[in-house]
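# Structural overview for review
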Amino acid sequence: MCGSGTTNNKRSLKLALNGTLALALTGFLAAPAVAQMEGILEEIVVTAQKREESLQEVPISIATTSGESLNAMFSGGEDVLALSGRVPGLYAESSNGRSAPRFYLRGLGNIDFDLAASQPVSFVMDEVVLENVVLKSFPLFDVANIEVIRGPQGTLFGRNTTAGIIKVNTRRPEHETSGYIKGSYATHATTNLEAAAGTSLIDGTLAGRVSVLHRSRDDWITNANGGGESLGQYEESAGRVQLLWTPTDRFSALLSHQNRSLDGTSSIFRANVFTTGNDSLNQNYDRETVYYDGGDNNPQEYQSHGTTLNMTWDFDNASFNSITSYQQADGFSRGDIDGGVVNIGSTPTPPAGITFADVLIFGDPARTWPGPIFTPSVTQDGADTDQFTQEFRLASNTDGRFSWQIGAFFFRSDLIVTTDSFASFGFVDVQDTKIQQENRTWALFGQGSYDLTDNLTLTAGVRYTDDEKDFQVLQFGQLWLDLGIPTFLADPINVDDGQASWEVALNWAVSDESALYARVANGFRAQTIQGRDVAFLETPTVARPETINSIEAGYKADLFDNRLRVNVAAFAYEVDDMQLSIIGGATNTNQVVNSDKGEAIGFEVDLDWLITDRLLLSLGTSFNDTELNDPNLATAPCGSGLCTPLDPENPSNPATVLVDGNPFPRAPETTTNLSLRYSVPVGANSELYVFTDWAWYGEINMPLYEAVEFKTDGQFEGGLRLGYRNFDSGWEVAAFGRNITDEDNTLGFVDFSNNTGFVNEPRVWGLEVSYEFGD
């Protein structure tokens with residue numbers, strides 16, 4: 001892709017986006033009033049600016065999900081990845097099973113599978129950032145709502161928010177008694193059990209809430225090379241206890257503790273499921289069958305716990321808030337990464353109908369299946385991580401024209417990653433490789449909003465952050481020590497940086513029903529150290545901090561007597577020194593690098609329409625045009641020789657290709673989500689209803705380079721729910737399905753040994769019974 005053509009395309013697309021947005025805004029502003037109807041859309045309250053505000057009054061692109069939509073997403077026992085595609089611009093995937101999700105917003109994310117990887121999408125639960133990827137995987141239950149806050153949020157939430165935030169707000173204790181219990185059973189003996197109860201413990205002074213979860217599934221995938229062994233099971237339990245103490249009307253303290261235990265199966269890798277020159281799954285793919293000769297059926301175990309104390313003092317004109325939190329997690333995942341069978345020095349006959357190949361591995365003849373496998377690969381990685389966070393915030397609580405908040409933040413984390421360097425070769429290593437990363441961050445921030453007129457509000461904020469990271473090798477695998485290790489590999493690394501983030505926004509209330517806003521924001525992702533390759537005798541790599549400058553403009557409206565809510569946003573951003581991960585390829589490395597720049601433009605539309613009192617439509621769509629901009633950025637494409645690279649060869653190193661002009665890896669060009677709910681009254685206090693929800697993805701280029709085999713386009717997934725609800729008694733019974741059309745969607749690949757792939761969750765059908773009380 002030549003530079004001048006790319007620039008012209010960008011300019012043309014920007015003009016088209018501006019024209020489209022202008023037409024959309026004109027149409028919405030000119031929408032006629034209609035007669036008042038019985039039903040209206042409820043007001044949505046968000047805390048994206050660390051205050052409770054109406055979604056329609058915040059000058060930021062935000063999408064929310066709650067209630068029935070959330071319940072449908074997780075009814076089949078799904079993990080946090082179920083959020084993917086359910087709001088515009090959000091994508092999620094993982095090659096670590098249920099333990100380490102990777103999130104992408106507006107095309108920005110990180111494809112690194114390592115347990116030390118940093119991400120530009122921050123995950124915040126109950127006002128506490130969960131930094132490590134394992135902590136981000138805490139299961140979602142008893143949730144009030146989830147806010148997806150798009151664009152840089154560095155002023156109030158700090159570094160590593162260049163793409164945005166997923167903000168989870170769980171249900172808090174109240175003095176009114178309330179709760180629920182529900183259970184479901186589905187395909188593959190999938191169970192989902194949840195319960196929560198809250199009440200007043202000391203009238204008016206102390207309230208509590210207890211929430212519990214248990215999800216499980218039986219083995220459902222046969223290892224046809226393992227004598228009938230099977231895999232795919234998981235068993236996950238979690239709980240949360242909260243106490244809310246309000247001894248006076250000017251002080252409150254919320255103490256929360258949560259635990260999680262996971263015993264299951266990591267991701268299922270499938271060898272050679274892509275045919276050279278084609279991106280479709282081929283005859284080697286069978287959802288319920290694999291051929292493994294290693295990995296011990298890909299086990300995964302993790303435990304985590306966390307405690308948070310959130311205290312607020314209210315004064316006459318301001319409030320002071322302190323949030324103290326400690327979070328910890330540890331566990332491991334193991335996997336047969338090559339996804340097939342490797343027989344070195346022998347030529348056994350494979351199962352009938354399975355393609356095989358005779359290849360050379362380390363100079364020795366070998367027979368492999370399905371298809372050719374050039375490097376046997378079994379890996380095991382474990383993490384032991386903990387973090388401590390402390391935030392102090394002083395905020396105004398008056399009704400004047402000016403509101404403000406100032407604060408300070410401290411973060412400390414310790415991570416030890418253990419890698420079995422010799423799992424691929426069948427050795428039982430008495431000592432694994434261990435590396436340690438420590439991170440310390442402090443920040444000062446402030447934000448203010450001033451009503452310039454009754455209809456025009458100016459918001460501005462700034463934050464200064466200092467971030468320091470230390471890396472060291474704690475120990476090498478014993479066999480490497482026996483071979484003799486170059487001493488430079490063990491040299492510790494220290495990197496630190498301090499940067500300011502800022503934002504300026506204008507919000508114009510056009511009428512009581514609509515508003516226009518514009519926002520300019522700057523943020524940064526702190527420097528990154530990637531040291532996993534130390535376990536394989538490679539040096540660690542360091543990426544400089546990335547900074548983002550973003551502009552967005554939007555329109556928010558509640559129309560037709562609050563029966564139609566439409567939120568539209570258009571954005572453009574540029575990332576300087578964009579952090580990228582080079583994963584796999586011919587060199588089979590895991591490295592972090594910086595691209596000179598990354599650029600993107602796009603838009604999002606969120607729509608809720610109460611068509612009739614019985615029919616509700618929710619529709620969202622997003623467009624992301626992303627592009628890497630660095631003429632010298634190069635990477636090694638697939639190592640198997642089985643893929644078809646589309647990028648130009650690097651003249652200075654023919655083993656690599658230039659990726660300038662490529663889209664960001666794993667960035668969907670478009671996402672669309674749709675849900676419909678229709679109900680029919682039964683008597684005076686019951687209903688029958690049908691609910692369906694769908695997500696579609698446009699083109700996704702999975703690696704940093706482009707290859708025919710590693711692109712997806714037009715993937716989708718849908719759910720269905722048919723139920724009966726009695727409002728007086730609180731009982732509900734529903735039949736449900738997830739992935740109801742049984743789509744086999746490619747989520748990722750492994751390219752250093754063969755054309756390995758992994759896919760989405762299987763179709764499940766089930767029945768759920770629930771009982772809700774109180775409120």
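What this report covers is the structure whose coordinates are included nearby. Just so we're clear, the structure is a prediction, and the values are computed from it rather than from any experiment. Sequence order as written defines residue numbering, which begins from 1 separately in each chain. Where totals are concerned, whole chains, interfaces and linings use all residues; where local detail is concerned, this predicted model gives features only for residues with pLDDT of at least 70, and gives and counts side-chain atom pairs only at 80 or more. To obtain the side-chain values, all non-hydrogen atoms of the structure were included, while hydrogens and water were left out.

Numbering goes from the N terminus for both helices and strands, where a helix is a DSSP run of H or I of at least four residues and a strand is a run of E of at least two. When you go through the protein chain residue by residue, the secondary structure sums to 4 helices and 46 strands. Atoms counted for the radius of gyration: C-alpha only. Globule rule: 2.2 Å times residue count to the power 0.38. Whereas a compact globule of 775 residues would reach a radius of gyration of roughly 28 Å, the protein chain reaches 26 Å, a difference of no more than 12%. In terms of principal-axis extent, the alpha carbons of the protein chain reach across some 75 × 55 × 50 Å. Contact criterion: two residues are considered in contact whenever any of their non-hydrogen atoms come within 4.5 Å of each other. Within the protein chain, counting contacts between residues at least 6 apart in sequence, those at least 24 apart form 69% of the total. Shrake-Rupley sampling with a 1.4 Å probe provides the accessible areas, and residues are treated as covered by the protein chains on show and by no other component. By element, 56% of the accessible surface of the protein chain is carried by carbon and sulfur atoms, the whole surface being about 29,500 Å².

A word on the nonpolar core. Within this scheme, the nonpolar core is defined by two criteria: the residues are buried Ala, Val, Leu, Ile, Met, Phe, Trp, Tyr or Cys, and they are joined through side-chain atoms within 4.5 Å. Relative accessibility under 20% of the residue-type maximum defines a buried residue, over 50% an exposed one, and the middle range a partly exposed one, all with a 1.4 Å probe and only protein chains included. Ranked by internal contacts, the top residues of the largest apolar core, which has 100 residues, are Leu83, Phe123, Leu140, Tyr705 and Phe710. The biggest single contributor to this core is strand β32 (residues 564-584), with 6 residues. Sequence-distant contacts of Phe710, that is, excluding residues within four places in its chain, are made with Phe274, Cys638, Cys643, Ile700, Asn701, Met702, Pro703, Tyr705, Phe749, Asp751 and Asn755.

Let us look at the environment of Val575. In this fold, Val575 is placed in strand β32. Sequence separation of Val575 and Thr47 is 528 residues, and the distance between their C-alpha atoms is 26 Å. When sequence neighbours within four positions are dropped, the list of residues in contact with Val575 reads Leu108, Glu546, Thr547, Ile548, Asp596, Lys597 and Gly598.

Pairing between strands is defined by DSSP: at least two bridges between them are needed. A sheet is described by the order of its strands in space; here 3 strands give the open sequence β20-β22-β21, paired in antiparallel fashion. Lying at the two open borders of the sheet, with one neighbouring strand each, are β20 (341-344) and β21 (357-361). In this sheet, adjacent strand axes meet at a mean angle of 35 degrees when their direction is disregarded. For β21 and strand β22 (residues 364-369), the ladder comprises 5 bridges, and the chain directions are antiparallel. Within β22, the residue paired with Asp358 across the bridge is Arg367. Where helices are involved, their axes are fitted lines through C-alpha atoms of the stretch in contact, as for all axes, and angles between N-to-C directions lie from 0 to 180°.

The next subject is the packing of aromatic side chains. Stacked, edge-to-face and tilted are the three classes for Phe, Tyr and Trp ring pairs, Trp counted by its six-membered ring, which pair at centre distances within 6.5 Å; planes under 30 degrees apart are stacked, over 60 edge-to-face, the rest tilted. The tally for this structure, following the rule as stated, stands at 19 aromatic pairs. Centre to centre, the rings of Phe103 and Phe123 are 5.8 Å apart; their planes meet at 15 degrees, and the pair counts as stacked. Taken together, the residues Phe103 in strand β5 (residues 102-105) and Phe123 in strand β6 (residues 121-125) connect sequence positions 20 residues apart. An identical accessibility class is assigned to Phe103 and Phe123; each is buried. Three or more aromatic residues joined by ring pairs make a cluster, and in this case those are Trp245, Phe251, Trp313, Phe320 and Phe392. Sitting over a ring, as applied to charges here, requires NZ of Lys or CZ of Arg to be within 6 Å of the ring centre and within 35 degrees of the ring normal. Over the face of the ring belonging to Phe157 we find Lys50, whose NZ or CZ atom lies 4.8 Å from the ring centre.

Looking now at unusual backbone geometry. For the bond from Trp369 to Pro370, the omega torsion is -10 degrees, close enough to zero to count as cis. With respect to the element layout, Pro370 can be found in the loop between β22 and β23 (378-396). Not every positive phi belongs to a glycine, and His188 is a case in point at roughly 65 degrees. Checked against the element boundaries, His188 lands in the loop between β10 (178-186) and β11 (190-202).

Now for the environment of Asn284. Residue position: Asn284 is located in the loop between β16 (251-265) and β17 (289-290). Asn284 gets classed as buried once you look at its relative accessible area, which sits at 11%. For the pair Asn284 and Phe524, spaced 240 residues apart in sequence, the C-alpha to C-alpha distance is 43 Å. Excluding anything up to four places from it in sequence, Asn284 contacts Ala271, Asn272, Val273, Thr355 and Pro370. Polar contacts, as counted here, are pairs of nitrogen or oxygen atoms within 3.5 Å of one another; within protein the pair requires one atom able to donate a hydrogen and one able to accept it, and residues that are adjacent in sequence qualify only if both atoms are side-chain atoms. At a separation of 2.8 Å, a polar atom in the side chain of Asn284 contacts the main-chain carbonyl oxygen of Asn272. Looking at Asn284, its side chain comes within polar contact range of the side chain of Thr355, at 3.1 Å.

Here we come to a negative patch on the surface. A surface patch of like charges, here negative, comprises Glu174, Glu176, Glu772 and Asp775. Looking at the secondary structure, you find Glu176 in the loop between β9 (164-170) and β10. What makes a patch is a set of residues exposed beyond 30% relative accessible area and free of salt bridges, joined within 9 Å when like-charged and within 5 Å when nonpolar (Val, Leu, Ile, Met, Phe, Trp, Tyr). We count a salt bridge whenever a side-chain nitrogen from Lys or Arg sits within 4 Å of a carboxyl oxygen from Asp or Glu. Charged-residue counts in this description rest on Lys and Arg as positive and Asp and Glu as negative, His and the chain ends being excluded. Charge coordinates come from a single atom per side chain, which is NZ of Lys, CZ of Arg, CG of Asp or CD of Glu.

Attention shifts here to the sheet that holds strand β14 (residues 230-231). Taken in spatial order, the 3 strands of this open sheet run β14-β13-β17, and their pairing is mixed. A single partner strand is all that each edge strand has here, and the edge strands are β14 and β17.

Before going further, it helps to spend a moment on the pairing of β10. Alignment of β10 against β11, held across 9 bridges, turns out to be antiparallel. When the bridges of β11 are listed, Ala186 appears paired with Thr190. Connecting β10 to the next strand, β11, in antiparallel fashion are 3 residues, including His188 with a positive phi near 65 degrees. Note that β10 and strand β46 (residues 764-774) share 9 bridges and pair antiparallel. Bridge pairing in β46 places Ala186 opposite Gly766.

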